[in-house]
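If you want the building blocks of each chain, they are given just below.
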Amino acid sequence: VDENIISETISSIKILSKQDSVICKPLLASVYLIKAIIQSRNNNFKESEKSFKEAIVLYRGLASKEPLYNKGLANTLMQFGIAQNSMKNYINSEENLLEAKNIYEDMVKRNSNMCDDNIGFIYFSLGVLYNNINQKEKAESYFLKTLNVFNSIEIGNDTEKFFCLG
């Protein structure tokens, strides 16, 4: 995907947001996240960081008014943490991944029917991070949590959703 197309999309959404920010802000946050992921995968980490931060600011504002957007915020923090881990920016990676984890765990506690595999990916990402910084016990703990999450998600079964917290 061409980054110029995404930048043009962002410009168009910003123009539209002057007319209807309720619809455009979530869309703009999503597009910034997509842009950040693409930039990160292209090793354009400086620009990626800017795009992640734009998405986070938008999602924080949205989530403060409507808790539904906490999922978007947590996903953005997770993706940013993963990118920072690959840049060996371990302290910031840990901060973002732990915040994402806390948001997801809080969402699951509030709604036991809500569980998706993102919490498993967050646990896995924390395991990779702690393995990278040689904190083997923490890494093992998060890898085990990852297994618990994915073992509890059964397609077509009524497995209790609170098992997602492992």
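Residues numbered from 1 in each chain as written. Predicted model: local features only at pLDDT ≥ 70, side-chain atom pairs only at ≥ 80, totals over all residues. Heavy atoms only, no water.

A.B. asks: Mind showing me how you'd approach helix H5 (residues 90-110) here?
C.D. replies: Since the α-helix packs 3.6 residues into each turn, any two residues three or four apart lie on the same face. A rise of 1.5 Å per residue sets the reference length of H5, with its 21 residues, at 30 Å; its end C-alpha atoms lie 30 Å apart and thus fit the reference within 8%. Every buried residue of H5 is accounted for by Ser93, Asn96, Leu97, Ala100, Lys101, Ile103, Tyr104, Glu105, Met107 and Val108. (Helix = DSSP H or I, 4+ residues; strand = E, 2+ residues; numbered from the N terminus. Expected span 1.5 Å × (residues − 1). Buried < 20%, exposed > 50% of the residue type's maximum accessible area, 1.4 Å probe, protein only.)

A.B. asks: How should I be thinking about the nonpolar core in this particular structure?
C.D. replies: Grouped together as the largest cluster of nonpolar side chains are 32 residues, with contacts concentrated most on Phe52 and Leu126. Broken down by secondary-structure element, the contributors of at least two residues to this core are helix H2 (21-41), helix H3 (45-65), helix H4 (70-86), H5, helix H6 (118-132) and helix H7 (136-152). (Core = buried A, V, L, I, M, F, W, Y, C linked by side-chain atoms within 4.5 Å.)

A.B. asks: Explain the side chain of Thr146 here, please?
C.D. replies: Mapped onto the secondary structure, Thr146 falls in helix H7. A relative accessible area of 7% places Thr146 in the buried class. Thr146 has contacts with Gly120, Tyr123 and Phe124, leaving out every residue within four places of it along the chain. (Contact = heavy atoms within 4.5 Å.)

A.B. asks: I tried to follow unusual backbone geometry on my own but got confused; where do I start?
C.D. replies: A positive phi angle, close to 60 degrees, is found at Asn43, a residue other than glycine. Structurally, Asn43 can be placed in the loop between H2 and H3. Take Asn43: its relative accessible area is 57%, and that puts it in the exposed class. Here Asn134, not a glycine, exhibits a phi torsion of approximately 65 degrees, which is positive. Considering the arrangement of structural elements, one finds Asn134 in the loop between H6 and H7. Taking relative accessible area as the criterion, Asn134 reaches 58% and is therefore assigned exposed.

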